Amino acid sequence: MLYFDNCRTSFVPEEVYKEVIKYMEKEFYIPASFVSQGTSIAEDIEKAAEYIGKTINAKSTETLFTHSGTEANNIAVQGISKFIKNKEGRNNIIIGAAEHPAIMSVAKLLEKQGFTITLISVDKEGFLNLEELEKSINEKTFLVSTTLVNHMAGCIQPASEIKKILEKHEKKIYFNLDAAEAYGKLKLDVNELGCDFLSASGHKFHGPKGVGFLYIKSGIKLEKIYGGSDYYSDLCPGGPNIPGIMGMKKAAELAYQNFEQNYNKVKELSQYLYDRITKEIPAVILNGPWGDGKRSPYHINFTFEYIEGEAIMMFLDFSGITVSTASACASKNLQTDYALKAMGRNHVESHGAIRFTFSRYNTKEDIDNLMKVLPDVIQKLRDQSTLTPDDLRSK
Amino acid sequence: MKKIQYSQKVIDYFMNPKNAGKIEDADIVATEGSPACGDQVTMYLKIDNDKIKDIKFQSYGCASNIATASIVTEIAKGKTLEEAKNINWQEAAKELDGLPAVKIHCSVLAVSTLLKAIEQYEAKISGKELTNTVTEENIIKKLKRVIYPPTEKDVLESNIVREFKIIAYGKDKKIEIFLNIDKEDEFYETIKEDIEENLGELDNCEEIIFIEK
């Protein structure tokens, strides 16, 4: 199987699942008491927090393990929102118009609870309009939340510039970054990014599913959004997913082992696929920016004009190749993707968008094998389409 | 958790569709659907002695759009026009061993394209002008094409549209649609867009007004 959907989820290598099994089979206890097994597990969790914290230049006490990236976002966004509203009455949250559902849906939830949500427009490459952001801040604003690497455009939001804007204001404006598609792929330093919260998800960087983490800057208080026993933390109560946490730590260790080398390898792969698609397939549109620093090399998104993405995705799927699409036809409720719409793509351009996302396990050969199939699939579907101009049909 | 999966037959008809393409000297060509909604089908018919001698299709759409258009052309080929008029989306879906609920509209679109082609052909032969104006009959016909996936039935049968009213507005007409669907329903926007697209095709439809639940 050729797999190019690593930003949706990624496979779990042996080193990781062996660690998961270890904490299911032998070290299955929870850090609940003075019992020796509990103490040793508590130490392992602490070491995992220290390690993961270090990868983003944070302390172990600033690293909270959660049951997913979505939960991490909820603990941060709902937690700070409720805390500030109760304490100061500020109730305005600013987010981008093309955010990942992990942020968009939390904002919608809070809107029903009396918060106001300001949506900031994005440009055609998916970057937040910073001028608009600056103008939108009002005396009620207490939080700005965005997706560091956009799930559709792959663009890297200029976090440190956003931070500078927020710092101009007398009253503290908190800054949340969803780094699910950035962690383990791009170098992250919470001080340089200037964020107060940062979340990531284990299964996006070859860790297990059902685990994530949240960076919470020292000194920040959050309202609890859950009730439950606090074996591990009162912000994320209940039994912690210890096999998941330890597996995620192993996945992080693997990701950071040859970080630069992996980054450069994926950058080359990404450029190679970009070059081949633009040379070998006519009428394609790149969604998002291109160039180092602007886009995560782990992410490419192309619209293939005149045909529909679900058909492309399924054709590739039946040929043993996994990609993803933003097409309405592949969505649960048949709605056009709001993120691409926010970037100014029309319906047809959105329907034809295919996302290829890489991992360090992809090879040049994978791309060669993909390109043995992709141009023919596109041509076959174009030959059948009602929209294809005559000059793009097979003679 | 709901499973969304295509049958092997859908996959086969999608990967190797029968009757894909164009008939250059077709007797009638009809198109239904819109690219904005993500699906559009064109059918080309060659008719001899009131029989569908040849039929081909083009499709802009998803896997099931291609598969349903293909199967409908197969079912219709060789049939008389009267026989072909009785083809319905249920039959097409059954021939494909079923469709996921969110894909039933593809089958509806494919059958609608065929019926439109036959209707246009008959009008052409008889010299009668086709009326595609706002009438109760035409509204019902159009609403029957809008499928509410959770019930796998159209919006009238599903009682998603409680009733409708035609408001005369000079030469043009406005249509009031009385909805019976929660705004929270995941298909709320899709259903409204689908109703707008279908009723919008009526020639003198000036405006569609939704009256919420």
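Given the structure is predicted, the values throughout are model-derived calculations rather than measurements. (Residues numbered from 1 in each chain as written. Chains lettered and ligands numbered in written order. Predicted model: local features only at pLDDT ≥ 70, side-chain atom pairs only at ≥ 80, totals over all residues. Heavy atoms only, no water.)

S.K.: Any chance you could explain unusual backbone geometry here in plain terms?
M.R.: For residues other than glycine, phi is negative in most cases, and the peptide bonds are mostly trans. All names here are of chain B. Residues other than glycine seldom take positive phi values, yet Asn49 does so here, at roughly 55°. Relative to the assigned elements, Asn49 resides in the loop between strand E2 (39-48) and strand E3 (51-60). The exposed category is assigned to Asn49, whose relative accessible area is 75%. A positive phi is found at Glu152, a non-glycine position, where the angle reads about 60°. (Helix = DSSP H or I, 4+ residues; strand = E, 2+ residues; numbered from the N terminus. Buried < 20%, exposed > 50% of the residue type's maximum accessible area, 1.4 Å probe, protein only.)

S.K.: Please clarify how the interface of chain B and chain A should be interpreted in this entry.
M.R.: Counting residues at the interface gives 30 residues for chain B, matched by 26 residues for chain A. Across the chain B/chain A interface, buried area totals approximately 2,400 Å², and carbon plus sulfur atoms make up 59% of it. Contact with chain A buries surface across chain B, with B:Phe14, B:Met15 and B:Tyr60 losing the most and accounting together for 25% of the total. Linking chain B to chain A there are two salt bridges. A salt bridge links A:Glu310 to B:Lys103, with the shortest nitrogen-to-oxygen separation between them at 3.2 Å. (Contact = heavy atoms within 4.5 Å. Buried area = accessible area lost by both parts, 1.4 Å probe. Salt bridge = Lys/Arg side-chain N within 4 Å of Asp/Glu carboxyl O.)

S.K.: How should I be thinking about a negative patch on the surface in this particular structure?
M.R.: Residues and elements named next belong to chain B. Taken together, the side chains of Glu74, Glu91, Glu95 and Asp97 make up a negatively charged region of the molecular surface. Here Glu74 shows up in helix H2 (residues 63-76). Judged by its relative accessible area of 34%, Glu74 falls in the partly exposed class. (Patch = residues over 30% accessible without salt bridge, like charges linked within 9 Å, V, L, I, M, F, W, Y side chains within 5 Å. Areas by Shrake-Rupley, 256 points an atom, 1.4 Å probe, with all protein chains shown as cover. Lys, Arg positive; Asp, Glu negative; His and termini not counted. Charge placed at Lys NZ, Arg CZ, Asp CG, Glu CD.)

S.K.: Sorry, what's going on with the packing of helix H1 (residues 14-25) of chain A against helix H8 (residues 242-257) of chain A here?
M.R.: When two helices pack together, their arrangement is captured by the angle between the axes and the distance separating the axes. All names here are of chain A. As a packed pair, H1 and H8 sit with axes 8 Å apart at the nearest point and diverge in direction by 155°. Classified by the angle their axes make, H1 and H8 are roughly antiparallel. Note on packing geometry: the crossing formed by H1 with H8 is right-handed. For the pair H1 and H8, contact is made by Glu15, Val16, Glu19, Val20, Tyr23 and Met24 and by Ile242, Pro243, Met246, Gly247, Lys250, Ala251 and Leu254, respectively. Its residues assigned to classes, the contact of H1 with H8 shows nine nonpolar, one polar and three charged. (Axes fitted to C-alpha atoms, helices over the stretch in contact; angles between N-to-C directions. Parallel < 35°, antiparallel > 145°, perpendicular 65-115°, else oblique. Left-handed = near helix turned anticlockwise from the far one by under 90°. Nonpolar A, V, L, I, M, F, W, Y, C, P; charged D, E, K, R; others polar.)

S.K.: What's the story with the side chain of A:Asp366 in this structure? I'm lost.
M.R.: Considering the arrangement of structural elements, one finds A:Asp366 in helix H13 (residues 364-384). For A:Asp366, which is buried and forms no salt bridge, the nearest opposite charge comes from A:Lys265, at a distance of 7.5 Å.

S.K.: Please explain empty space enclosed by the protein as it appears in this structure.
M.R.: The gaps left among the atoms become clear once a water-sized probe is rolled over them. On inspection of all chains with the given rule, the structure shows two cavities of 30 Å³ or more. When its volume is computed, the largest cavity comes out at roughly 100 Å³. Tallied by class, residues from the lining of the largest cavity come to four nonpolar, six polar and three charged. Of the pockets and cavities examined, the second largest cavity occupies roughly 30 Å³. In terms of residue class, the lining of the second largest cavity is made up of three nonpolar, six polar and one charged. (1 Å grid on protein atoms, 1.4 Å probe; cavity = no way out; pocket = protein on both sides within 12 Å on 5 of 7 lines; lining within 4 Å. Points joined across faces, edges and corners; volume = space filled by probe spheres on them.)

S.K.: Just to check I follow, could you spell out the pairing of E3(B) for this structure?
M.R.: Every regular strand shows the same layout, with side chains that alternate between the two sheet faces. All names here are of chain B. Here E2 runs beside E3; their pairing, made up of nine bridges, is antiparallel. Opposite Asp48, over in E3, you have Lys51 as the bridge partner. Taking the residues between adjacent antiparallel strands as the criterion, E2 and E3 are bridged by two residues, where Asn49 takes a positive phi near 55°. (Pairing = 2+ DSSP bridges.)

Any link to function would need more than the numbers given here.
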